[in-house]
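# Per-entry structural report
Each chain, letter by letter, is given below.
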2 protein chains.
Amino acid sequence: MSAALTLPRAATLCPLPAEWPLCRGGVLRGGWLAYTMAGPAAAPALAVLGGISAGRLVAADPATGAKGWWAEQVGPGRPLDTTHWRVVGIDWLGGAGLSSAPRAGAAFPTVDTRDQAAALACLLDALAIDRLAALVGCSYGGMVGLQFAAMHPDRLARLLVLGAAHRSTVAAAAGRTVQRGIVELGVRAGDPAAGVALARGLALLGYRTPEGLEQRFGAVAATGAAHEHAPVADWLAARGQSFAAAWSAASYQCLLASLDLHHVEPAAIPVPTWLGSLAGDRLVPLELMAELAAALPQCRGHRELATQHGHDGFLCSPAAVGDWLTEVLS
Amino acid sequence: MSAALTLPRAATLCPLPAEWPLCRGGVLRGGWLAYTMAGPAAAPALAVLGGISAGRLVAADPATGAKGWWAEQVGPGRPLDTTHWRVVGIDWLGGAGLSSAPRAGAAFPTVDTRDQAAALACLLDALAIDRLAALVGCSYGGMVGLQFAAMHPDRLARLLVLGAAHRSTVAAAAGRTVQRGIVELGVRAGDPAAGVALARGLALLGYRTPEGLEQRFGAVAATGAAHEHAPVADWLAARGQSFAAAWSAASYQCLLASLDLHHVEPAAIPVPTWLGSLAGDRLVPLELMAELAAALPQCRGHRELATQHGHDGFLCSPAAVGDWLTEVLS
């Protein structure tokens, strides 16, 4: 695997086809996918895919000190128990992890959610995993899961989708239009990190609920304190800057475009599917997932999970999510 | 009125105190307020104040060809009938009209909603209007109306507030934090108009409802068409650019800050007040106006007006608004 020679050694890398045509017309040359595995080699395999800012490090790993973006759900004794399942996690193509992504000055092709699903299929080939016992996908990972199920129904026994659907709402697409414009303005200002941070701050507002923000920051807002010092502004800035420390403008644009382009025909998904909506989710509202549920040939359930946090409930409300995972996978 | 010599002749200008200390510490020197009057001189006076992008031209004026931002509500035979009322409209201090506002290269003080209310009081002095029969304020104009009622309760018989409250929600303040950041990024990129246009596009999303956007643009979104050509993106760009043609970055920042700083103590408003909420308003939700209604000593009614358009319902749903105005003022 020649590509690995020029890359950090801590990552496990799976080479993708040397000359790989992507869905939207581009070609990825010499690409690779970074991944992790946790759990016994003989155990049934699960793929666990998160939002655009999640990656291969799903479970906490005491050996490396990795926190794991879904450590509450994945690990020994957790709802996705790594003593019973073999859990596969990946870094997104085009993203901020160690998979192939835009490099400074080099063109990078448009990455569709179907391309991410195809990359996962390549990885499963490399790992000799014929069929996943389940794919659990949250947010962007749920979109990729829907594509995978449409493209490779024979390689997947069960699909669990949390906070994702077959398409975007117009409001979500419009919000991303503004986010892409902000990133571009940052690049034009010679300060791409400022654009990425501000765009991420805007995205974050869509991941939360007005009620949740009010509860957390409302007491101070009521005093009419000078806006420059509003705690919610400080919070947005801090969260945006920490995101911008990890993400280049080109990678963020790549995955924002991928979110925008996502579309899958529910009727083409013959896999038994369970849907979870996050209460108050403004990005992927209950109604949109109900539209998906009604159009899926094999929808086995659509549950609204209790959370104060809206879309980010898949991260912020682990108990409700864990109960749902346990119930569906038991 | 010496200031008028250097200003467009079409506007009627009212000089403000030559050395005028504003609420947030700045001083406005040699300022003026642009205004219009419609209706008989002897008729009882109404002040009609709109959003930050509304101004002195409230009613249509066939003589000048002015469209009037609230022509459906104000004019002969309209709910605010200019054969029975004398209607006063103003351009906001700091805004895109003909009132004092930031000029290129010159510092401009922070303008609080209390300053706008004080400027209106100056204008009423100049016009020898002791007392308004009513003040009708929508959005930013409603905030200014609440301030006017708190500062000059003896000069106002009735206050009508549509889509405005005593404070902002945290979510609205957070959205404006991002908008101000976008405008600043545009200035840094050497393209302030691009920043203003993009920030206005973002603001616009808060003025509408997800359902309304879905209804208008949803059919195309479902096809998964390339995001660059999404009709909602074109709409945001066109609306943003038309706003940016009229607004400087400095003026927009001035009124965004004014929105952010707005706060009034409802208990300090002894004027009989009627509140109208726009159904689905995400910027000024029903719950926030209910909080205001409960805290006002003289709240005479709080109605939710039917609209598909959320906050922009005060412009986009004239029939529901007209019925409410007629009922309250009859």
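Please refer to the structure higher up on the page.
Presented here is an overview of the structure given in this document. Remember, predicted model here, so these are calculated numbers, not experimental data.

Our focus in this paragraph is unusual backbone geometry. All names here are of chain A. You will see that S139, though not glycine, has its phi angle at about 55 degrees, which is positive. One can find S139 in the loop between β7 (134–138) and α2 (140–151). A relative accessible area of 12% means that S139 is categorised as buried.

It is worth spelling out the pairing of strand β5 (residues 45–49) of chain B at this point. All names here are of chain B. Of all five residues in β5, five are buried; the element is thus mostly enclosed. Side chains A45, A47 and L49 of β5 all project onto a buried face; the interleaved residues L46 and V48 project onto the opposite face, where all are buried too. Of the pairings in the sheet, the one linking β5 to strand β6 (residues 86–90) comprises three bridges and is parallel in character. By the bridge assignment for β6, A45 is matched with R86. Pairing of β5 with strand β7 (residues 134–138), which is carried by four bridges, proceeds in the parallel orientation.

Once that is clear, we can look at the sheet that holds strand β10 (residues 299–305) of chain B. Residue and element names in this part refer to chain B. If you trace the eight strands from one edge of the open sheet to the other, you get β1-β4-β6-β5-β7-β8-β9-β10, paired in mixed fashion. The two strands at the open ends of the sheet, each matched to only one other strand, are β1 (12–15) and β10. Across the sheet, the mean angle separating the axes of adjacent strands is 20 degrees when strand polarity is ignored. As judged from the four bridges shared by strand β4 (residues 32–38) and β6, these two strands associate in the antiparallel manner.

All chains considered together, the criterion is met by twelve aromatic pairs over all chains. Ring centres of A:W92 and A:Y140 lie 4.8 Å apart, and the angle between their planes is 80 degrees; on these two criteria the pair is classed as edge-to-face. Of this pair, A:W92 sits in the loop between β6 (86–90) and α1 (113–126) while A:Y140 sits in helix α2, and the two are 48 residues apart along the sequence. A:Y140 gets classed as buried once you look at its relative accessible area, which sits at 0%. On the basis of an interplanar angle of 45 degrees and a centroid distance of 5.4 Å, the ring pair of B:F217 and B:W235 is categorised as tilted. Of this pair, B:F217 sits in helix α5 (residues 210–221) while B:W235 sits in helix α6 (residues 231–246), placing them 18 residues apart in sequence. Taken individually, B:F217 and B:W235 each receive the classification buried, so the pair is uniform in this respect. Ring pairing ties together the aromatic residues A:F243, A:W247 and A:Y252, which thus form one cluster.

Our next topic: the pattern of salt bridges. What the rule picks out here adds up to 24 salt bridges over all chains. Between A:R24 and A:D112 there is a salt bridge whose closest N-O contact spans 2.8 Å. With A:R24 in the loop between β2 (19–21) and β3 (27–29) and A:D112 in the loop between β6 and α1, this pair connects stretches of sequence that are 88 residues apart. Residue A:D112 is classed as buried on the basis of its relative accessible area of 1%. Residues B:R176 and B:D260 are paired through a salt bridge, measuring 2.6 Å at the closest nitrogen-oxygen approach.

With 41 residues of chain B at the interface, the matching set in chain A holds 41 residues. Notably, a salt bridge pairs B:R167 with A:E214, separated by 2.7 Å at the nearest N-O pair. Across the chain B-chain A interface, the total number found is six residue pairs in polar contact (both at pLDDT 80 or more). Secondary-structure elements contributing two or more residues to the side of chain B that touches chain A are α3 (170–188), α4 (192–207), α5, α6 and α7 (249–261) of chain B. Among the elements that line the side of chain B that touches chain A, the one with the most residues is α3(B), at twelve residues. Its residues assigned to classes, the side of chain B that touches chain A shows 22 nonpolar, eleven polar and eight charged.

What counts and what doesn't
Residues numbered from 1 in each chain as written. Chains lettered and ligands numbered in written order. Predicted model: local features only at pLDDT ≥ 70, side-chain atom pairs only at ≥ 80, totals over all residues. Heavy atoms only, no water. Helix = DSSP H or I, 4+ residues; strand = E, 2+ residues; numbered from the N terminus. Buried < 20%, exposed > 50% of the residue type's maximum accessible area, 1.4 Å probe, protein only. Pairing = 2+ DSSP bridges. Axes fitted to C-alpha atoms, helices over the stretch in contact; angles between N-to-C directions. Phe/Tyr/Trp six-rings, centres within 6.5 Å; stacked < 30°, edge-to-face > 60°. Salt bridge = Lys/Arg side-chain N within 4 Å of Asp/Glu carboxyl O. Contact = heavy atoms within 4.5 Å. Polar contact = N/O pair within 3.5 Å; in protein donor to acceptor, adjacent residues only side chain to side chain. Nonpolar A, V, L, I, M, F, W, Y, C, P; charged D, E, K, R; others polar.

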